[in-house]
Amino acid sequence: MDFAPTKDHELLRETVRSWAEKEARPTAAARDEAMEWPADLVRQMGELGLMGVAVPEEYGGAGLDYIAYAIVIEELSRVDASLGVIASVNNSLVCYGLQQFGTEQQKRELLTPLASGRALGAFSLSEPGAGSDAAAQRTTAVRDGDHYIINGVKNWVTNGDHADTILLMAMTDPAKGHRGITAFLVDTHAPGCSVVKVEHKLGIRSAHSCQMAYDNYRLPAWRRLGEEGQGFKIAMTILNAGRIGIAAQAVGIAQGAYEAALAYAKVREQFSQPIIEFQAVGFTLADMATRIKAARLLTYEAAWRKDQQLDYIAAASMAKLFASETAMWVATKAVQIHGSNGYSKEYPVERFFRDAKITEIYEGTSEIQRLVIARELAK
Ligand code: CAA
């Protein structure tokens, strides 16, 4: 067993960390407040190879492994969790799906621009009536010659209003239940696909989550991903990998909140001493550091299992479950250590606190992660 990071992984961490500190940190709070889409930062992330970290170089990616991908999402989220999810959706929910299930034409025409940052991807499974019960799809896709006609409404489409390609799930045969779901690669620039609204959210506000509508949207059949009826399996396979990304995002949020609390506790004086010298504060910081380390190890182990082509369904769900609950716990404690200042937008911990919550919800709630883990244990 080797716990030492490779030189390449360490170099990658330093590169992403210093980029995020220099380019993203100064504007993170203001972008969050204004719900401002970070167009220039997304462009820079593409140029740095952060939008297709684990995609082979022949398809425009950086050709690295999934541990590298986890490090990238962690370091982005340590500074700005909105950047973490924008990159995570493109990397693991769209590029990975195309890599696994795409035809050569789809890889050349769609994956390559997405992985190299020349285009942006979004993933569209959730609907007003299909959240945890992802199979309850109402959006329909009806074959019409060499096209499909798509109608329906999709919710919580991260990156939706800026995406070029959306990996969309729709019902092609409702009688077959989850086996009647098919995956498609939507061209958002074609008529019939529109953004209904951008959600006003508690956190990750600089990343946009949209409700989107399809009104007799005509999609050429070559843009179907996989076979008809394979869509639910494709969505689940993609989410297994995506959950490693959200676990990494949660580790990054927790790390950012912890570092802010540690720095504050060293300089804030009460009762004539820095508050870190009070055992209650010191012990809290000790618990934060310990839980973050455990969450990071679970996340890297899930990524490592994926890299080794071992089964990683339970490992990814365990990492996502534990890391997201760690992020929420650590961010709550970080606010507490800051006292009233933690409740103010003058300090970064209130943003980490708001951002942490979503990691317990999207890409499968904590309850769904427990369900997935329990089912894997029972196998
Ligand atoms: N990996 C691979 N295949 C899986 C799977 C997994 N983790 N889970 C289920 N499957 C397969 C099953 O093997 C089964 O296959 P067959 O058709 O061959 O039998 C099929 O899928 C149906 O499985 P179930 O009967 O277990 O399905 P279910 O409906 O009882 O439960 C669920 C499935 C686990 C609850 C699933 O619906 C789920 O994961 N729900 C959560 C949805 C989710 O994570 N949404 C996130 C939205 S995307 C998002 O958040 C993006 C963003 O903004 C960042």
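> I'd like a rundown of the pattern of salt bridges, residues and numbers included.
Enumeration according to the criterion identifies 27 salt bridges in this entry. Close ionic contact of R78 with E21 constitutes a salt bridge, the shortest N to O distance being 2.8 Å. With R78 in helix α3 (residues 66-79) and E21 in helix α1 (residues 7-34), the pair connects residues that are 57 residues apart, well separated along the chain.

> Before we move on, could you go through the site of the ligand and cite the residues and values that matter?
Around the ligand sit 24 residues in total, of which S132, T158, H178, R179 and R375 are the nearest. In the environment of the ligand, an oxygen atom lies 2.7 Å from a nitrogen or oxygen atom belonging to the side chain of T158. For the ligand, an oxygen atom lies 2.8 Å from a polar atom in the side chain of R179. The protein chains hide 76% of the 1,100 Å² of surface that the ligand would expose on its own. If you list the elements that add at least two residues to the shell around the ligand, you get α4 (81-101), β3 (147-158), α6 (231-267) and α10 (366-378). Ranked by residues supplied to the shell around the ligand, first place goes to α6 with 6 residues. Each residue belonging to the shell around the ligand can be placed in one class, and the counts come to 12 nonpolar, 7 polar and 5 charged.

> Please set out the nonpolar core residue by residue, giving values where relevant.
Residues L76, F123 and I337 are the most contacted members of the largest nonpolar core, which totals 98 residues. In this view, L76 contacts V16, W19, M45, L50, A81, L83, G84 and A87; residues no more than four positions away in its chain are not counted. Formed by 19 residues, the second largest nonpolar core is a distinct cluster that contains A122, I166, A190 and C193.

> Describe the side chain of T299, and please don't skip the residues or the numbers.
Position of T299 relative to the elements: it lies in helix α7 (residues 279-307). For T299, a relative accessible area of 1% gives the class buried. If we skip the residues at most four places from it in the chain, T299 touches A70, I244, A247, A248, V251, A319 and A323.

> Break down the state of the cysteines for me, citing the residues and quoting the values.
On inspection of all chains with the given rule, the structure shows 0 disulfides. No disulfide involves C193; its sulfur sits 10 Å from the nearest other cysteine sulfur, which is in C210. Note on C193: relative accessible area 14%, which makes it buried.

> Tell me about the packing of α6 against helix α8 (residues 313-338), and please be specific about residues and values.
Direction vectors running N to C along α6 and α8 enclose 20°, while the axes themselves pass 8 Å from each other. In terms of their interaxial angle, α6 and α8 are classed as roughly parallel. As for the relative orientation of α6 and α8, their crossing is left-handed in sense. Across the contact of α6 with α8, the residue classes tally to 21 nonpolar, 5 polar and 2 charged.

> Can you break down the packing of α4 against helix α5 (residues 104-115) residue by residue, with the values?
At their nearest, the axes of α4 and α5 sit 10 Å apart, and the two run at 160° to each other. Taken together, the axes of α4 and α5 lie roughly antiparallel to each other. Of the two elements, α4 crosses α5, and the hand of that crossing is left-handed. Every residue of α5 that contacts α4 at N90, V94, C95, L98, Q99 and F101 is listed here: Q106, K107, L110, L111, L114 and A115. Split by residue class, the contact of α4 with α5 holds 8 nonpolar, 3 polar and 1 charged.

> Tell me what's going on with α4, and back it up with residues and numbers.
Given 3.6 residues per turn, any residue in an α-helix points the same way as the ones three and four places further on. The first and last C-alpha atoms of α4 sit 28 Å apart over 21 residues, in line with the 30 Å expected at 1.5 Å per residue. At C95, α4 shows its maximal bend, which comes to roughly 30°. Of all 21 residues in α4, 18 are buried, a share of seventy percent or more. Regarding α4, its N-cap is D80, as a side-chain oxygen of that residue lies 2.9 Å from the backbone nitrogen of S82 further along.

Here is what the cut-offs are and how they apply
Residues numbered from 1 in each chain as written. Predicted model: local features only at pLDDT ≥ 70, side-chain atom pairs only at ≥ 80, totals over all residues. Heavy atoms only, no water. Salt bridge = Lys/Arg side-chain N within 4 Å of Asp/Glu carboxyl O. Helix = DSSP H or I, 4+ residues; strand = E, 2+ residues; numbered from the N terminus. Near = heavy atom within 4 Å. Polar contact = N/O pair within 3.5 Å; in protein donor to acceptor, adjacent residues only side chain to side chain. Areas by Shrake-Rupley, 256 points an atom, 1.4 Å probe, with all protein chains shown as cover. Nonpolar A, V, L, I, M, F, W, Y, C, P; charged D, E, K, R; others polar. Core = buried A, V, L, I, M, F, W, Y, C linked by side-chain atoms within 4.5 Å. Buried < 20%, exposed > 50% of the residue type's maximum accessible area, 1.4 Å probe, protein only. Contact = heavy atoms within 4.5 Å. Disulfide = S-S within 2.5 Å. Axes fitted to C-alpha atoms, helices over the stretch in contact; angles between N-to-C directions. Parallel < 35°, antiparallel > 145°, perpendicular 65-115°, else oblique. Left-handed = near helix turned anticlockwise from the far one by under 90°. Expected span 1.5 Å × (residues − 1). Bend = angle between axes of the 7 residues up to and from the residue.

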